[in-house]
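So the chains spell out like this:
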Amino acid sequence: MNRIFLDVHALQTVPPSNLNRDDTGAPKTAVYGGVPRARVSSQAWKRATRTYFKDEHLLDASELGVRTKKIVEAVASRITALDPSLTRETALRIADETVKATGLKTDVPTRKATAAKAAEPDPAPEAKYLVFLSARQLEGLARLAVDGAADITAYLKDKKSKDKAKEIADTRHSVDIALFGRMVADAADINVDAAVQVAHAISVHRVENESDYYTAVDDENTDEETGAGMIGTVDFNSATLYRYAALGVHQLAANLGQGLREDEPRTDPVRRAVEAFVHGFVASLPTGKINTFGHHTLPDAVIVKLRTTRPVSFVAAFEDPVRGDQGGHVREASERLAEYIPDIERAYGDEDSTLTWVLRVGPNTQRLGGIGTESENLGELVASVGQAVAERLEKPA
Amino acid sequence: MSVLTLRLAGPLQSWGASARFTRRTTESAPTKSGVVGMLAAAAGIERGDDERLEPLAALRFGVRIDQPGTRVRDFHTAHHGVTGKSMPLSERFYLADAVFVAALEGDRTLLAALHAALRAPVYAPYLGRRSCPPALPIELALHASVTSLHQALQDEPWQAAPWYRRQRRRDATVSLAVLREADDHEHHADVLRDQPLSFAAEHRRHALRTVLSTTVEVPNPAAAPTRSAPRHDPFDALEEESARCS
């Protein structure tokens, strides 16, 4: 199999903040190299990345998934668009049968008394849980239903059409499903294994949580009523984080399947997904307590590697914690990476085909300039990674 | 007989053997199902392909605890995709700062193929949970001819981090715990339900596996020869005196 892995590394400093907290409200931590570190869980950053796709319109809505219980209605509305001669009832019925053929279970929700009185139409069947399907999968199911509209039950009894329904639900996934995976408990054969692996971000240096004691004044207090309206504490820390994610491009391509449009090359959807991921992972930020701390920062340095062998995390460069005696933590962290990366790649036999890009800010990250092709800005980095991925897919190295 | 040794090191790892629902626990050492699953993924064996999994699951498994690490409890919240309501809270446990050496014993051709697969995996390896990538390449060595699994775990150098080894610099050797499948003649083994039968998404199945705990002594590369103070015992003089008097 032609293997293509992309690994993304970032050094990012956050000022006093609490972007990801545990059940006591304190920022999450872990021990590494024998000392406490700040930690931001992988779940938190994956959610931030996914939200970023949507908020920043990095991808067309047709490439994103729809997470809904009202899947029957969603398919039915596409059926009536395809064949306007079908009534709503028929569309709902054949949509329901088709959805069931994929292995998903549906139920008709109980009708509310008020709805019955108002003579509203019967409610449409709903899936028993939230189902995450792409726009093109919903479209595919609708087409299948229309093909068998004459006698849907007999049509779906045929093994061939039943398999087709399953295949539709199992291929051409939306970009977010292809990247982050999908889990459906009682239709396990349409589960999708994520192509992306995101590590918990940890600080490159020792971090102890601090506590901020605050008082708030009641503006309506009279001169007699002195004292605070309320008091409390907020835990926080400040850290230079090492962030790492690895993307199996070949797995992403398999998850995405055929392109959305017939006229575009097969590599296009993969390329768009890779570009969106790199952009989203680098630029997104968990928003925990963002209005309290305003920790809006971007990475000081980003390294992207395209490989034909395994992805490699560079976290071990920071197992011995950075002391930051001069120039904060970023300078020493950059120097560590600049030394560690060629070292580990030599020791474990890096391939000649590995491509490296660097995006960096400021004099503290100067040492990283030498380890790969420098990009001027994030847009340029994302575009050149996307292009290299497309070339690799078409012409393996 | 051949043995493939692996180094499992990273900031976080999590090896569940009985984890279900909202409380996702971790054992204190890698499980056989976790390690075999990782090798199967590297070799590109799809979930549910029980036929190709079988020879991997038949390998004998052992693990050495080179640096035990500490347990971390992670509190996980999730929100409903549409209504934004919070979903059941869950707890996930991790081992932070741990290092293990895992060993698999069996057919040489199969082990050589797995060794190569780790260098160029189909699905990237992780330490028990997807959010725990390894900090260093996993494959250590393919021991082509050793007498036993135990021997391979005995021969492999100590993989603990330099800072951890320095804490033990007074000891020329260290004693490391080993958890391995028992030989036929060995008794008093514990059992753990981590012998993989199937990784099929709709129905994962595991059988019980015997686990025998022993220890091995390995040299400490960080050992610094301690300066031995000249012998000084005031009672020596008394003894000399009494020897002379008698």
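Before going into details, it helps to say that this report is about the structure given with it.

Here is what the cut-offs are and how they apply
Residues numbered from 1 in each chain as written. Chains lettered and ligands numbered in written order. Predicted model: local features only at pLDDT ≥ 70, side-chain atom pairs only at ≥ 80, totals over all residues. Heavy atoms only, no water. Helix = DSSP H or I, 4+ residues; strand = E, 2+ residues; numbered from the N terminus. Rg over C-alpha atoms; globule rule 2.2 N^0.38 Å. Buried < 20%, exposed > 50% of the residue type's maximum accessible area, 1.4 Å probe, protein only. Contact = heavy atoms within 4.5 Å. Areas by Shrake-Rupley, 256 points an atom, 1.4 Å probe, with all protein chains shown as cover. Lys, Arg positive; Asp, Glu negative; His and termini not counted. Charge placed at Lys NZ, Arg CZ, Asp CG, Glu CD. Polar contact = N/O pair within 3.5 Å; in protein donor to acceptor, adjacent residues only side chain to side chain. Pairing = 2+ DSSP bridges. Buried area = accessible area lost by both parts, 1.4 Å probe. Salt bridge = Lys/Arg side-chain N within 4 Å of Asp/Glu carboxyl O. Phe/Tyr/Trp six-rings, centres within 6.5 Å; stacked < 30°, edge-to-face > 60°. Lys NZ or Arg CZ within 6 Å of the ring centre and 35° of its normal. Patch = residues over 30% accessible without salt bridge, like charges linked within 9 Å, V, L, I, M, F, W, Y side chains within 5 Å. Expected span 1.5 Å × (residues − 1). Axes fitted to C-alpha atoms, helices over the stretch in contact; angles between N-to-C directions. Parallel < 35°, antiparallel > 145°, perpendicular 65-115°, else oblique. Left-handed = near helix turned anticlockwise from the far one by under 90°.

**Let's talk about the overall build of chain B**
Step number 1: On a plain count of helices and strands, chain B comes out with 6 helices and 9 strands.
Step number 2: By the compact-globule yardstick of 18 Å for 246 residues, chain B is too spread out, its C-alpha radius of gyration being 23 Å.
Step number 3: Taking the principal axes of the C-alpha coordinates as reference, chain B spans close to 95 × 50 × 35 Å.
Step number 4: Classification of the 246 residues of chain B by burial places 44% in the buried group.
Step number 5: Sequence separation of 24 or more characterises 76% of the internal contacts of chain B that already satisfy a separation of 6 or more.
Step number 6: Total accessible area computed for chain B in this model is approximately 12,500 Å², and 52% of it derives from carbon and sulfur atoms.
Step number 7: Separation between the mean location of the 30 positive side-chain charges and that of the 29 negative ones in chain B comes to 9 Å.

**Looking at the overall build of chain A**
Step number 1: A count of helical and extended segments in chain A gives 13 helices and 14 strands.
Step number 2: Reported as C-alpha extents along the three principal axes, the dimensions of chain A are approximately 75 × 75 × 35 Å.
Step number 3: With 397 residues in all, chain A has 52% of them scored as buried.
Step number 4: Considering only contacts in chain A between residues 6 or more positions apart, those separated by 24 or more positions represent 74%.

**Brief notes about the side chain of A:Asn237**
Residues and elements named next belong to chain A.
Step number 1: Checked against the element boundaries, Asn-237 lands in strand S11 (residues 230–248).
Step number 2: Within the structure, Asn-237 has its side chain in polar contact with the side chain of Asn-209 (distance 2.8 Å).
Step number 3: Those residues in contact with Asn-237 that lie beyond four places of it in its chain are Pro-15, Pro-16, Ser-17, Pro-27, Ala-38, Val-207, Glu-208 and Asn-209.

**Some details on the pairing of strand S13 (residues 355–360) of chain A**
All names here are of chain A.
Step number 1: Alignment of strand S12 (residues 301–307) against S13, held across 6 bridges, turns out to be antiparallel. The residue bridging Ala-301 from the neighbouring strand is Arg-360, located in S13.
Step number 2: Two strands pair when backbone bridges link them, and S13 and strand S14 (residues 373–374) are joined in this way by 2 bridges, in the parallel orientation. Across the sheet, residue Val-358 finds its bridge partner in S14, namely Glu-374.

**Comments concerning the interface of chain B and chain A**
Step number 1: Contact with chain B, which involves 39 residues of that partner, is made by 44 residues of chain A.
Step number 2: Of the roughly 3,400 Å² buried at the junction of chain B and chain A (both faces included), carbon and sulfur atoms supply 56%.
Step number 3: The three residues of chain B that bury the most area against chain A are B:Arg119, B:Val122 and B:Arg130, which together make up 17% of that side's buried surface.
Step number 4: Joining chain B to chain A, the criterion identifies 6 salt bridges.

**Some thoughts on the pattern of salt bridges**
Step number 1: Evaluated as defined, the whole model comprises 28 salt bridges over all chains.
Step number 2: As a salt-bridge pair, A:Lys100 and A:Asp96 come within 3.4 Å of each other at their nearest N and O atoms. Here A:Lys100 and its partner A:Asp96 are both found in helix H3 (residues 88–101), 4 residues apart, which amounts to about one turn of the helix.
Step number 3: Exposure remark for A:Asp96: the relative accessible area of 12% places this residue in the buried category.
Step number 4: The closest approach of N and O atoms between B:Arg64 and B:Asp66, which form a salt bridge, is 2.7 Å.

**Comments concerning the pairing of strand S5 (residues 90–106) of chain B**
All names here are of chain B.
Step number 1: Counting buried residues along S5, 14 of its 17 residues qualify, which places the element largely inside the surrounding structure.
Step number 2: Sheet topology places strand S2 (residues 23–24) next to S5; 2 bridges connect them, and they run parallel. For Arg-23, the partnering residue across the bridge sits in S5 and is Glu-91.
Step number 3: Two strands pair when backbone bridges link them, and strand S3 (residues 60–67) and S5 are joined in this way by 7 bridges, in the antiparallel orientation.

**A word on the packing of aromatic side chains**
Step number 1: For the structure on display, the rule yields 8 aromatic pairs over all chains.
Step number 2: With 5.9 Å between their ring centres and 40 degrees between their planes, A:Phe236 and A:Phe293 make a pair best called tilted. Of this pair, A:Phe236 sits in strand S11 while A:Phe293 sits in helix H11 (residues 290–293), and the two are 57 residues apart along the sequence.
Step number 3: With 5.6 Å between their ring centres and 85 degrees between their planes, B:Trp163 and B:Tyr164 make a pair best called edge-to-face.
Step number 4: Following the ring pairs from residue to residue traces out a cluster consisting of A:Phe53, A:Phe180, A:Phe277 and A:Phe281.
Step number 5: Over the ring of A:Phe281 we find A:Arg243, and its NZ or CZ is 4.4 Å from the ring centre.
Step number 6: Over the ring of B:Tyr94 we find B:Arg129; its NZ or CZ atom is 4.8 Å from the centre of that ring.

**A closer look at a negative patch on the surface**
Residue and element names in this part refer to chain A.
Step number 1: The grouping of Asp-218, Asp-219, Glu-220, Asp-223, Glu-224 and Glu-225 at the surface amounts to a negative patch.
Step number 2: With respect to the helices and strands, the residue Asp-218 is situated in the loop between strand S10 (210–216) and S11.
Step number 3: Here Asp-218 falls in the partly exposed class, since its relative accessible area comes to 36%.

**Looking at helix H1 (residues 42–55) of chain A**
In an α-helix, one full turn covers 3.6 residues, which means residues spaced three or four apart are oriented alike.
Step number 1: With 14 residues, H1(A) extends 20 Å from end C-alpha to end C-alpha; this agrees with the ideal 20 Å at 1.5 Å per step.
Step number 2: Immediately beyond the C-terminal end of H1(A), within one or two residues, lies A:His57, with a positive phi of roughly 50 degrees.

**Some words on the packing of helix H2 (residues 71–82) of chain A against H3(A)**
Residues and elements named next belong to chain A.
Step number 1: Look at H2 against H3: their axes get within 8 Å of each other, and the N-to-C directions meet at 125 degrees. By the angle between their axes, H2 is oblique relative to H3. The way H2 lies across H3 gives a crossing that is right-handed. For the pair H2 and H3, the contacting residues are Ile-71, Val-72, Glu-73, Val-75, Ala-76, Ile-79 and Thr-80 in the first and Ala-91, Leu-92, Ile-94, Ala-95, Asp-96 and Val-99 in the second.

**Side note on the packing of helix H10 (residues 267–283) of chain A against helix H13 (residues 378–394) of chain A**
All names here are of chain A.
Step number 1: Following both chains from N to C, one finds H10 and H13 inclined at 145 degrees, their axes separated by 9 Å at the closest point. Pair H10 / H13 crosses with right-handed handedness. Residues Thr-267, Val-270, Arg-271, Val-274, Glu-275, Val-278, His-279, Val-282 and Ala-283 of H10 form the contact with H13, whose participating residues are Leu-378, Leu-381, Val-382, Ala-383, Val-385, Gly-386, Gln-387, Val-389, Ala-390, Leu-393 and Glu-394.

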